[in-house]
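Descriptive structure summary
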Amino acid sequence: MTAELMHDLKMPLQLICSCAQMVQCQLKGREPEAERYIGMLMENAMEMQRMLLNVVDFERLNNGMVQLVALPGNMTSCVKEICRRVLPMAENAGIRLTWDVPEDSIGMLFDAEKIHRILLNLLSNAVRFTPQGGEIQVRLLQMERSVRIVVSDNGCGIAPEALEHIFERGVSKGGTGYGLFIALEFARLHGGTLTVRSEVGAGTTFFLDLPKKPEFCQS
């Protein structure tokens, strides 16, 4: 039933996002007020998409139905793509989103859809908990046998007692509460790790470490 609902809602939401993006481009700099409302429309449609995907992924993880589809790809392009996708959401919230990635391609085996889902959940949370005028930074670091993706913000931060449970299912200050749980599980499927460091009032940083030649976990 959940999968059928997702299928029915996915295309209308995608159409809303695409149309809103086209209108926003046409209004750029000419109708600031209308442009702001279009940005809000696009932001909320994207958030609905993310929440629906989280619900479906959560059910699939619970039922052992998630499989990794790892193919050769360019991690540099993958990170850039998701940052560009989230950029309008950040700009509409008055937040500066920047990314620092190597100029050279980083070729490795990974499931692009699941890496997108991890980063989308991390960045959406960063936008939600970073105040207007704040900053979010994404960095892609290449190491000898792995890559590290760092997502940091200067938002409200997370209290130590909450930080201990941040990756548990259902823990959330909004949304479905599945996002970080799913992000961690998808990182583990790649043979990687997802860790966090945070300080109240100073912001939060997530570290996604992925081996270049992972021994993929089986779900």
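Everything here concerns the structure above.
Below is a summary of the structure that appears in this document.

Overview of the environment of Gly39
Along the chain, the position of Gly39 falls in helix α2 (residues 32-62). Gly39 sits 51 residues away from Ala90 along the chain, and the two C-alpha atoms are 9.8 Å apart.

Quick word on the packing of aromatic side chains
Summed over all chains, the structure comprises 1 aromatic pair. Both rings, one in Phe167 and one in Phe206, keep their centres 6.2 Å apart while their planes meet at 75°; by these two values the pair is edge-to-face. In this pair, Phe167 sits in the loop between α5 (160-163) and α6 (179-189) while Phe206 sits in strand β7 (residues 203-211), placing the two residues 39 residues apart along the sequence. Sitting over the face of the ring of Phe186, Lys114 holds its NZ or CZ atom 5.6 Å from the ring centroid.

Examining helix α4 (residues 112-128)
The periodicity of an α-helix, 3.6 residues per turn, causes residues three or four positions apart to be oriented the same way. With 17 residues, α4 should cover 24 Å at 1.5 Å per step; its first-to-last C-alpha distance of 24 Å lies within 8% of that length. Regarding α4, its N-cap is Asp111, as a side-chain oxygen of that residue lies 3.2 Å from the backbone nitrogen of Glu113 further along.

Quick look at the environment of Ala126
Its place among the elements puts Ala126 in helix α4. Expressed as a C-alpha distance, the spacing of Ala126 and Gly157, which sit 31 residues apart in the sequence, is 9.7 Å. Residues within four places of Ala126 in sequence aside, it is in contact with Ile136 and Asp153.

Looking at the environment of Glu35
Here Glu35 lies in helix α2. Residue Glu35 is classed as buried on the basis of its relative accessible area of 15%. C-alpha of Glu35 to C-alpha of Cys25: the two residues are 10 residues apart in sequence and 8.6 Å apart in space. Here Glu35 is in contact with Gln24, Leu27, Lys28 and Gly29, once residues within four sequence places are set aside.

Details of helix α3 (residues 75-92)
Under the 1.5 Å per step criterion, the end-to-end length of α3 is 27 Å for 18 residues, consistent within 8% with the ideal 26 Å. The largest bend along α3 reaches roughly 35° and is located at Val86, with the proline Pro88 sitting one to four residues downstream. Along α3, the positions that sit buried rather than exposed are Met75, Thr76, Cys78, Val79, Ile82, Cys83, Val86, Pro88, Met89 and Ala90. N-cap assignment for α3: the residue whose side-chain oxygen lies 3.0 Å from the backbone N of Thr76 is Asn74. With its phi angle positive at about 75°, Gly94 sits one or two positions after the end of α3.

Concerning the sheet that holds strand β4 (residues 135-142)
Strands sit in the order β2-β4-β5-β7-β6 across an open sheet of 5 strands; the sheet is mixed. Both edges of this open sheet fall to β2 (96-100) and β6 (193-199), since each of them pairs with a single strand only. If you compare each strand with its neighbour and ignore which way they point, the axes differ by 10° on average. Taken together, the 7 bridges between β6 and β7 define a ladder with antiparallel strand orientation. If you follow Thr195 over to β7, its bridge partner there is Phe207. Across the sheet, α6 is in contact with β6 and β7; its angle to β6 comes to roughly 140°.

Examining the pattern of salt bridges
Counting across every chain of the model gives 4 salt bridges. Residue Arg96 is joined to Glu135 by a salt bridge in which the shortest nitrogen-to-oxygen separation is 3.0 Å. With Arg96 in strand β2 and Glu135 in strand β4, the pair connects residues that are 39 residues apart, well separated along the chain. Residue classification places Glu135 among the partly exposed residues on the basis of a relative accessible area of 32%. Arg188 is the partner of Glu185 in a salt bridge, and the nearest nitrogen-oxygen pair spans 3.1 Å. Here the residue Glu185 and the residue Arg188 both occupy positions in helix α6, the gap between them amounting to 3 residues, near one helical turn. Assessed through its relative accessible area of 22%, Glu185 is described here as partly exposed.

Analysis parameters
- Residues numbered from 1 in each chain as written.
- Predicted model: local features only at pLDDT ≥ 70, side-chain atom pairs only at ≥ 80, totals over all residues.
- Heavy atoms only, no water.
- Helix = DSSP H or I, 4+ residues; strand = E, 2+ residues; numbered from the N terminus.
- Phe/Tyr/Trp six-rings, centres within 6.5 Å; stacked < 30°, edge-to-face > 60°.
- Lys NZ or Arg CZ within 6 Å of the ring centre and 35° of its normal.
- Expected span 1.5 Å × (residues − 1).
- Polar contact = N/O pair within 3.5 Å; in protein donor to acceptor, adjacent residues only side chain to side chain.
- Contact = heavy atoms within 4.5 Å.
- Buried < 20%, exposed > 50% of the residue type's maximum accessible area, 1.4 Å probe, protein only.
- Bend = angle between axes of the 7 residues up to and from the residue.
- Pairing = 2+ DSSP bridges.
- Axes fitted to C-alpha atoms, helices over the stretch in contact; angles between N-to-C directions.
- Salt bridge = Lys/Arg side-chain N within 4 Å of Asp/Glu carboxyl O.

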